[in-house]
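Reading the structure
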Amino acid sequence: MSTTKSVELATPAAETFTLTENSTGRTFELPVIKGTTGPNVIDVRKLYAETGCFTYDPGFTSTGSCASGITYIDGDAGILLYRGYPIEELAEQSDYMEVCYLLLYGDLPSVEEKEKFRRDITYHTMVNEQITYFFRGFRRDSHPMAVMCGVVGALSAFYHDSTDITDPHHRMVASHRLIAKMPTIAAMTYKYSLGQPFMYPRNDLKYSENLLHMMYATPCESYDVNPVLARALRRILILHADHEQNASTSTVRLAGSSGANPFACIAAGIASLWGPAHGGANEAVLNMLEEIGSKHHIPEYIKRAKDKDDPFRLMGFGHRVYKNYDPRAKVMQKTCHEVLDELGMKDEALLELAMELERIALEDEYFVEKKLYPNVDFYSGIIFRAMGIPTSMFTVLFAVARTVGWVAQWNEMVEDPLQKIGRPRQLYTGETQRRYTPIDQRG
Ligand code: CMC
């Protein structure tokens, strides 16, 4: 597998950037690097050695942490491409296995490649039986994301034959195992919370159908997968599969930069995804809609969202990169209507409330001025709920979908010849050096 294209394609641009230190008049020429598309970057790697200064960028709002050829976002135009393919086309025409292959290997598969990949994933879906006992250590009312962090991290204790990160075969087997086993573990967290027996995966089902089977079938009764729901889930998986250097992906890369094994790195990614500003937002959106309760209360919540002294934010709105409609939200909104129509829930009050909230927010000066649009999480929760998935499982399904993005980015990082351990510096604002005072002499 070769995912290092991006590094090869990054070329020095003709122009440079000149930095002037006003106090001394010294100037420094900083090289500019060009990607295949998108803004150029100023190469500051030698900045400290040459100037004695670091850059300061909390939240990395202006910092590129790596070169990558996997996902491209144009936040102003609302464009999202996986390996060059627009997300809308993939969501409409492709399937999740194909998208996984694309993200991992860089190109769409041939018929034979796709079949082999599907088999590789399908035959890795079972987890070591010992893992089923591991679950029993958790309380039944644990948040499923807490269980996911623990169980996925524990995979490195079970699959020792795929943790040598210098071996490309080990890396690929670990990647396949993670993509294959995440739905199984996700469904197990759900079954465990209900006190129901775990359901084994079925090799005759597709990825999203199998996930629904493991969640909803019981040993007493099979679950007939509704094709509309399976298609909706497939779309949701595709839409969430990767999103370049977001918080959880950057966490996976940072954890992996020390040489940590992929199972441990993905567990770190899951922990980062859990937060409400990131993957936890889909759960937060639903909780918020339920709290708002009625269209009449919308103005009150819009007012709160705009109030600087109130920590409340409109969940499912805004994005660090998109300053336009999140293209995933558009597909999600369409899917939401399809699912509710199919289930005869067209008049679902929550959907009406969400649409009214969206309409009011998009006309409000505050949201217009700050370019706050609905993001991917705004509608996904309503779809999940219509599918009978409990709120606490929403972020778990996001984690299932994002696993391929995490492993693709992790592989790309390990193969990158310029890869170094991630080690940011800081602006120190603490005490300067002082003498230790023995406790009996302190005032
Ligand atoms: N409601 C009200 N005001 C907002 C919101 C919001 N949802 N989002 C941003 N703002 C305001 C914010 O107060 C700030 O105002 P000011 O300039 O006056 O200080 C301005 O818009 C810029 O916000 P920011 O926090 O500096 O932007 P950011 O890029 O650091 O944060 C965000 C991006 C997604 C964390 C944020 O928009 C947010 O908290 N949204 C709600 C949570 C959410 O829906 N998250 C899911 C993101 S998409 C899926 C994913 O990535 O996992």
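Residues numbered from 1 in each chain as written. Predicted model: local features only at pLDDT ≥ 70, side-chain atom pairs only at ≥ 80, totals over all residues. Heavy atoms only, no water.

**Topic: the confidence of the model for the chain**
Rules: For every residue, the predictor states its confidence as a pLDDT score lying anywhere from 0 to 100. Note on contacts: a residue pair is in contact if any heavy atoms of the two residues lie within 4.5 Å.
Looking at the chain as a whole, its pLDDT mean stands at 93, while 97% of the residues score no less than 70. Overall, residues 1-7 carries pLDDT values under 50, and its contacts beyond four positions in sequence, including any with other chains, amount to 24 contacts.

**A look at unusual backbone geometry**
Condition: Under the scheme used here, helices are H or I runs from DSSP no shorter than 4 residues and strands are E runs no shorter than 2 residues, and both carry numbers assigned from the N terminus.
Positioned with a positive phi, R83 is a non-glycine residue whose angle comes to about 50°. Relative to the assigned elements, R83 resides in the loop between β5 (79-82) and β6 (85-86). Within the chain, E244 stands out as a residue other than glycine whose phi angle is a positive 40°. For E244, the location among the structural elements is in the loop between α10 (227-239) and α11 (247-256).

**Focus on the side chain of S248**
Counted only if it meets this: Pairing of N or O atoms within 3.5 Å defines a polar contact, subject to two protein rules: one partner must be a possible hydrogen donor and the other a possible acceptor, and residues neighboring in sequence count only if both atoms are side-chain atoms.
By secondary structure assignment, the location of S248 is in helix α11. At 2.9 Å, the side chain of S248 forms a polar contact with the side chain of H278. S248 has contacts with G269, S272, L273, H278, R402 and W406, leaving out every residue within four places of it along the chain.

**Quick look at the packing of aromatic side chains**
Put simply, the test is: Working definition: a ring pair exists when centres of Phe, Tyr or Trp rings (six-membered ring for Trp) sit within 6.5 Å. Plane angles under 30 degrees give stacked, over 60 give edge-to-face, the rest tilted. Summary of the burial criterion: residues with accessible area below 20% of their type's maximum are buried, those above 50% are exposed, and those between are partly exposed, where the area comes from a 1.4 Å probe applied to protein chains only. Criterion for a charge above a ring: Lys NZ or Arg CZ within 6 Å of the ring centre, and within 35 degrees of the ring normal.
A full pass over the atoms with the stated rule returns 18 aromatic pairs. Here F378 and Y379 contribute two aromatic rings whose centre-to-centre distance is 5.1 Å and whose plane-to-plane angle is 85°, an arrangement assigned as edge-to-face. The same class applies to F378 as to Y379, namely buried. One aromatic cluster is present, formed by F317, Y366, F367, F378 and Y379 through successive ring pairs. The lysine or arginine in question, R140, covers the ring of Y192, its NZ or CZ lying 4.1 Å from the ring centre.

**Looking at helix α13 (residues 281-292)**
Residues lying three or four places apart along an α-helix face the same way, a consequence of the helix completing one turn every 3.6 residues. Applied cut-off: Expected span of a helix: the number of residues minus one, times 1.5 Å.
If you check α13, its first and last C-alpha atoms are 16 Å apart, about what 12 residues at 1.5 Å a residue would give, namely 16 Å. Every buried residue of α13 is listed here: A281, N282, E283, A284, V285, L286, M288, L289 and I292. Those residues of α13 that are buried are in contact with α14 (298-306), α16 (349-363), α18 (377-386) and α19 (394-415). Among the residues trailing α13, G293 stands out with phi positive, at a value near 75°.

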